[in-house]
Amino acid sequence: MKLGTINRASMLILNKAAGVFSKPSKRKIYEYLRSSNFHPGKAFLHKVVLGIETSCDDTAAAVVDEAGNVLGEAIHSQTEVHLKTGGIIPPVAQQLHRENIQRIVQEALSASRVPPSELSAVATTTMPGLALSLGVGLSFSLQLVGQLKKPFIPIHHMEAHALTIRLTNEVAFPFLVLLISGGHCLLALVRGVADFLLLGKSLDIAPGDMLDKVARRLALTKHPECATMSGGKAIEHLAKQGNRLRFDLTPPMHRAKNCDFSFTGLQHAVDKIITQKEKEEGVEQGQVLASAADIAAAVQHTTACHLAKRTHRALLFCQQRGLLPPHNAALVVSGGVASNFYIRKALELVTNATQCALLCPPPRLCTDNGVMIAWNGIERLRAGVGILYDTEGVRYEPKCPLGVDISKEVGEAAIKVPQLKMKI
């Protein structure tokens, strides 16, 4: 089939899925597809999945095959809009998803040159995330699979982040994963597709959220070098110019011998420092401090140390309980904050000390994207897990745990972590 024919055929179906299709009639669609050799139900040579992601503030889609080839992808970022509004406003994010989802899916399909009829399934993030955002992706996807008569695969956002590494690297189960992003922070043992043991999680906010809040408090959108960067990226960029030793910040929960995390206290401590420096420098709130780079360096280093220590304990726990292979054990770090190279270096000190391999997806696959959703769909197709042929009753879940929680058992083990020199 010619590419132009594929594009026109898929556009007709996507228009209907988006609820904006009025003309031509159903009969004309059928005649058009028939004349274009577009055969729903045609046997495909290998598995190909369309992945759709709208869990937070990016609208993304991708087509991936079972060999791990990314055949086509597209993404619409809302970062610039949310920088202007001072953070993500759910109704705004929802409206932007609505405005862009049809175009993004169409672009991914067009780039892939895969006719919708040859898709093996549609995979979509349904948990966890912002309710209004999840709803847009789910509604669109259910209409799409209804039109295409294809299986639907609901995707857990955190599972997708965890399994992304198997798209880019040959990684066997089990492995330890640290998922760090703007909305999530957890440590889990990945024993298989849909088979996770949760070792620890954030008790309050996620590291990315904390870094974003600090960046806003530092008014980094007014800094000439950081104006168009997300909060976390701005902190990382500015920290390179700063002296982390200028401010004394204690890593959170340093006496608790478990693998849980906390970032609210650190955020409050930094807020106090900023308030004090504003008084000392004679700067009004909302203006950039002369000491902003030093504050950014201090908060980044403290965050890295906190993440490193909890991850170190998780690795030791898994090794002591025989949950990881004695040789070639792997720590996978994924999620948006995993693209921070300073934090990666801190974690590398931990994996060096425990004779493990540190593996991270490329930065573009650490942040939210359609590729990881499509790949998770491929993984579930292979495993025969969670594939729906009847979508009646499918719902999105804004809050949804990952796997079986054994964090209490980890805390009771009370493993003491050796002191590491964090020379990064």
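The paragraphs below set out a description of the structure included in this document. Because the structure is a prediction, the values reported are computed rather than measured.

### What about the sheet that holds strand S2 (residues 58-65)?
Hydrogen bonds along the backbone pair up the strands of a sheet, which may run parallel or antiparallel.
Move 1: The five strands lie next to each other as S3-S2-S1-S4-S5, forming an open sheet whose pairing is mixed. A strand with exactly one partner marks an edge of an open sheet, and here the two such strands are strand S3 (70-77) and strand S5 (152-156). Direction aside, neighbouring strands of the sheet carry axes that sit 20 degrees apart on average.
Move 2: Running over the sheet, helix H4 (residues 90-112) touches strand S1 (48-53), S2 and S3 and is turned about 20 degrees from S2.
Move 3: Relative to the sheet, helix H5 (residues 131-148) contacts S1, strand S4 (121-127) and S5, its axis offset from that of S4 by approximately 155 degrees.

### Focus on the pattern of salt bridges
Move 1: Following the criterion strictly, the structure yields 12 salt bridges and no others.
Move 2: Close ionic contact of Arg-217 with Glu-278 constitutes a salt bridge, the shortest N to O distance being 2.8 Å. Taken together, the residues Arg-217 in helix H8 (residues 207-217) and Glu-278 in helix H10 (residues 264-281) connect sequence positions 61 residues apart. The exposure classification of Arg-217 matches that of Glu-278, with both residues buried.
Move 3: One salt bridge connects Arg-321 with Glu-409, and the closest N-O pair in it is separated by 2.7 Å. Separated by 88 residues along the polypeptide, Arg-321 in the loop between helix H11 (292-320) and strand S9 (330-334) and Glu-409 in helix H15 (residues 407-413) bring together distant segments of the chain.
Move 4: Accessibility expressed as a relative area gives 42% for Arg-321, which makes it partly exposed.
Move 5: Counted as one network, the salt bridges with shared partners bring together Arg-217, Asp-271 and Glu-278.

### What about the packing of H8 against helix H9 (residues 231-239)?
Move 1: It is the contact of H8 with H9, at a shortest axis distance of 7 Å, that shows an interaxial angle of 70 degrees. In terms of their interaxial angle, H8 and H9 are classed as roughly perpendicular. Residues Leu-211, Asp-212, Val-214 and Ala-215 of H8 lie in contact with H9, whose contacting residues are Gly-231, Gly-232 and Ile-235.
Move 2: The residue inventory of the contact of H8 with H9, partitioned by class, reads four nonpolar, two polar and one charged.

### Some remarks on the environment of Leu-119
Move 1: Looking at the element boundaries, Leu-119 is found in the loop between H4 and S4.
Move 2: C-alpha of Leu-119 to C-alpha of Leu-109: the two residues are 10 residues apart in sequence and 9.9 Å apart in space.

### Side note on the pairing of strand S7 (residues 185-192)
Regular strands place their side chains on alternate faces of the sheet.
Move 1: Within S7, seven of the eight residues are buried, leaving the element largely enclosed by the surrounding structure.
Move 2: Bridge count between strand S6 (residues 175-180) and S7: six bridges; the pairing is antiparallel. In the sheet register, Leu-179 faces S7, and the bridge partner there is Leu-186.
Move 3: Counting the residues that bridge the hairpin from S6 to S7 gives four residues.
Move 4: With six bridges joining them, S7 and strand S8 (residues 195-201) adopt antiparallel strand pairing. Bridged to Gly-192 within S8 is Asp-195.

Cut-offs applied
Residues numbered from 1 in each chain as written. Predicted model: local features only at pLDDT ≥ 70, side-chain atom pairs only at ≥ 80, totals over all residues. Heavy atoms only, no water. Pairing = 2+ DSSP bridges. Helix = DSSP H or I, 4+ residues; strand = E, 2+ residues; numbered from the N terminus. Axes fitted to C-alpha atoms, helices over the stretch in contact; angles between N-to-C directions. Contact = heavy atoms within 4.5 Å. Salt bridge = Lys/Arg side-chain N within 4 Å of Asp/Glu carboxyl O. Buried < 20%, exposed > 50% of the residue type's maximum accessible area, 1.4 Å probe, protein only. Parallel < 35°, antiparallel > 145°, perpendicular 65-115°, else oblique. Nonpolar A, V, L, I, M, F, W, Y, C, P; charged D, E, K, R; others polar.

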